[in-house]
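# An overview of the molecular structure
What follows is each chain in one-letter form.
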Amino acid sequence: MDDALRAYRIRMATKAELINRLEEITAQEDVETASEAVEGVKEAYEALVVAAQQQAALEHSSESTTTEEAPPGAEAVPIAMESAPLVDEEDKRFKQLLDAFNQRVNDIRRKRQKEEAEHLEAKRAIMEELKTLIAGEENIGNAFQRFADLQEQWKAIGPVPQQHYRDLQNDYSHLRDEFFYHIRICCYHLRHRANGNFDPLSWPQQTEGKHHAPSFDIELVFVVVRIDERHIGDAVR
């Protein structure tokens, strides 16, 4: 059915028809998709309530009219059904359906917020482990394998709160770049060693002023040299 026609039918519906429509919508599993339709039905029902109030005020005004002109009645103001007075069984049923749906929406949103907070902590933990890996692992084979494992864990984690997404991605990208910087250093020294002029003292060691060459897996390093980092970058997204 065309959206405009559906909206027209909702506006022209009776209370009973709107209750039936709300029952159909709130039975859907996808509450995010249903929310917009629920809001449309709710607005139509509230419009009926306002119209009934205006009609009642008009009738009361007519009954109380004397030879003098009665003062104009105040215009009825729409009230949200969540807090509106319930004047009949239809109002009670509509509010019951609406409250149940709103509770589902709130429960789902709270669950999502909790999951996103847990995802954020999990990704922050991976970043801390990556920092430790960059600072302390001397065996390039072990380092690269662990880095690959951390990337897979990162990609498997679900969404994080939107307000933290940009900073988190920027920080992870920086750590990824730092890791590959250390990989390039390893490859540079490996090439010098392969050429017979590798100087172990030239290797930048940060622990207690000691200088010694890291452990190399030669075949793995040559594989690393040929890696297209653009593919590795996909893990950031």
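Structure: above.
Residues numbered from 1 in each chain as written. Predicted model: local features only at pLDDT ≥ 70, side-chain atom pairs only at ≥ 80, totals over all residues. Heavy atoms only, no water.

## Describing the overall build of the chain
Secondary structure summary: the chain contains 8 helices and 0 strands in total. Scanning the chain from its N terminus toward the C terminus, one meets helices and strands in the order α-α-α-α-α-α-α-α. Considering the chain as a whole, with its 237 residues, one finds that 30% of them fall into the buried category. Within the chain, counting contacts between residues at least 6 apart in sequence, those at least 24 apart form 70% of the total. Surface exposure of the chain reaches about 15,600 Å², of which carbon and sulfur atoms provide 51%. (Helix = DSSP H or I, 4+ residues; strand = E, 2+ residues; numbered from the N terminus. Buried < 20%, exposed > 50% of the residue type's maximum accessible area, 1.4 Å probe, protein only. Contact = heavy atoms within 4.5 Å. Areas by Shrake-Rupley, 256 points an atom, 1.4 Å probe, with all protein chains shown as cover.)

## What to know about the side chain of Arg176
Inspection of the secondary structure assignment puts Arg176 in helix H6 (residues 162–194). Engagement of the side chain of Arg176 in a polar contact is seen with the side chain of Asp177, the distance being 3.0 Å. (Polar contact = N/O pair within 3.5 Å; in protein donor to acceptor, adjacent residues only side chain to side chain.)

## Details of the pattern of salt bridges
Tallied over the full model, the rule gives 16 salt bridges. For Arg112, the salt bridge identified is with Glu32, shortest N-O distance 3.3 Å. In this pair, Arg112 is assigned in helix H4 (residues 89–136) and Glu32 in helix H3 (residues 31–63), connecting sequence segments 80 residues apart. For Asp99, the salt bridge is made with Lys95, and the minimal N-O distance between the two is 2.7 Å. Within this pair, Asp99 and its partner Lys95 are both found in helix H4, separated by 4 residues, close to a single helical turn. (Salt bridge = Lys/Arg side-chain N within 4 Å of Asp/Glu carboxyl O.)

## So, the packing of helix H2 (residues 15–26) against H4
One way to put it is that H2 packs onto H4 with a least axis distance of 10 Å and a crossing angle of 20 degrees. Between H2 and H4, the crossing angle belongs to the class labelled roughly parallel. Like other packed secondary-structure pairs, H2 and H4 cross with a definite hand, here left-handed. Between H2 and H4, the contacting residues are Lys15, Ala16, Leu18, Ile19, Leu22, Glu23 and Thr26 on the first element and Glu90, Asp91, Arg93, Phe94, Leu97, Leu98, Phe101 and Arg104 on the second. Taken together, the residues that form the contact of H2 with H4 break down as 8 nonpolar, 1 polar and 6 charged. (Axes fitted to C-alpha atoms, helices over the stretch in contact; angles between N-to-C directions. Parallel < 35°, antiparallel > 145°, perpendicular 65-115°, else oblique. Left-handed = near helix turned anticlockwise from the far one by under 90°. Nonpolar A, V, L, I, M, F, W, Y, C, P; charged D, E, K, R; others polar.)

## Here we look at helix H5 (residues 140–156)
In a regular helix each residue adds 1.5 Å, so 17 residues correspond to 24 Å; H5 covers 24 Å between its end C-alpha atoms and thus fits that length. Of all the residues in H5, the buried ones are Ile140, Gly141, Ala143, Phe144, Phe147, Leu150, Gln151 and Trp154. (Expected span 1.5 Å × (residues − 1).)

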